[in-house]
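Structure at a glance
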Amino acid sequence: MDYINQSTEEIAQVLLGKKLIHKTPVHTYSGYIVETEAYVGIEDMACHSYAGRRTPRLESMYKSGGTIYIYTMHTHHMLNIVTKEEGNPQAVLIRAIEPFEGIEEMEKNRQANGVNVCNGPGKLTKAMEITKALNGILINEESLRIVDGKVPSQIIESPRIGIPNKEEWTLKPLRYYVKGHPCVSGMKKGEMLSAADYWHYG
DNA sequence: CTTGAGATGGCCT
DNA sequence: GGCCATCTCAAGC
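Residues numbered from 1 in each chain as written. Chains lettered and ligands numbered in written order. Predicted model: local features only at pLDDT ≥ 70, side-chain atom pairs only at ≥ 80, totals over all residues. Heavy atoms only, no water.

1. Some words on the environment of N88
Spelled out, the test is: Only DSSP runs of H or I with at least four residues qualify as helices, and only runs of E with at least two residues qualify as strands; both kinds are numbered from the N terminus onward. Contact definition: two residues touch when any of their heavy atoms are within 4.5 Å.
On the secondary structure map, N88 appears in the loop between β4 (76-83) and β5 (90-101). Between the C-alpha atom of N88 and that of I4, which follows or precedes it by 84 residues, the distance is 10.0 Å. Excluding anything up to four places from it in sequence, N88 contacts M61 and T83.

This is how it looks when you write it as structure tokens:
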């Protein structure tokens, strides 16, 4: 997986269907990525690094593509993968996964069942016990990995979630998700498809 | 099932 | 002191 020589928008789409794995000393958690958002750097008014802003919290974003960037928001941890070369602060936010391994433990961590376990950025990090301890290290180097998984039948683009008052950036279609997948945040019942229809080859 | 308001805490100015 | 890349729950349809 190349996190440098593709645009952040391309990487956000390629990540859909990939398998996210987190191993703790006690448990192994994994799931397939079903929803992402691209944050494209210093021109992007919704991006933390907009206008070249650089603070200790953002330092990971300025590292090389493939670095893990985690920050907290209202007590929730947000998982991002940095893209592009060092010094070019762009990233992809992982917003939702389809749980695969460690499902019982995830349900216990979240005190929820079914699609409600991982259908939001703060939910999946809590379910998988992902914390800021991973901030700044490279993906696939330690306990957090991303490997090949499934292939979406169809990818839908939409505006990003929770980005008001950012002029044209509010409506830019930089959010991507697997069409009809029930684990996508805010998915309505009427838009859901069956597994054979949202993953290629079932 | 869908919608909206309120609760959160860390980070920046 | 203000600003959020959110979540949950209660009320309405």
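2. A look at the protein's contact with DNA strand C
Selection rule: The rule for a residue being near a molecule or strand is that one of its heavy atoms must lie within 4 Å of it. As used in this structure description, the phrase polar contact means that two N or O atoms lie within 3.5 Å; if the pair is within protein, one of them must be able to donate a hydrogen and the other to accept it, and residues adjacent in sequence are counted only when both atoms belong to side chains. Amino acids outside the nonpolar list (Ala, Val, Leu, Ile, Met, Phe, Trp, Tyr, Cys, Pro) and the charged list (Asp, Glu, Lys, Arg) are all regarded as polar, and Gly is one of them.
As a matter of local geometry, DNA strand C sits amid 20 residues, with Y71, M73, N80, R110 and G122 nearest to it. When the atoms of DNA strand C within 4 Å of the protein are grouped by moiety, sugar and phosphate amount to 55% of the total. One of the side-chain nitrogen or oxygen atoms of Y71 is found 2.9 Å away from a base nitrogen of DNA strand C. Of the residues assigned to the surface near DNA strand C, the class counts are 10 nonpolar, seven polar and three charged.

3. Let's talk about unusual backbone geometry
This is how it is decided: When a residue's accessible area, from a 1.4 Å probe over protein chains only, is under 20% of the maximum for its type it is buried; when over 50% it is exposed; and in between it is partly exposed.
The backbone of K84 sits at a positive phi, close to 70°, despite the residue not being glycine. Mapped onto the fold, K84 is located in the loop between β4 and β5. On the basis of relative accessible area, K84 is assigned to the buried category, the value being 17%.

4. Comments concerning the side chain of K19
By secondary structure assignment, the location of K19 is in strand β1 (residues 19-23). For K19, a relative accessible area of 16% corresponds to the buried category. The contact partners of K19, leaving out residues within four places of it in the chain, are S30, G31, Y32, F100, E101, R145, I146, V147, D148 and G149.

5. A word on the nonpolar core
In plain terms, the rule: Side-chain atoms within 4.5 Å are what join buried Ala, Val, Leu, Ile, Met, Phe, Trp, Tyr and Cys residues into a set we call a nonpolar core.
L20 and L79 are the most contacted members of the largest nonpolar core, which totals 42 residues. Elements with a minimum of two residues in this core: α1 (8-14), β2 (28-39), β3 (68-73), β4, β5, α3 (121-127), β6 (144-147) and β8 (175-178). Here the element with the most residues in this core is β2; it accounts for five residues. Not counting the four nearest positions on each side in its chain, L79 is found in contact with L20, I68, Y69, I70, V92, L93, I94, L124, T125, I130 and L144.

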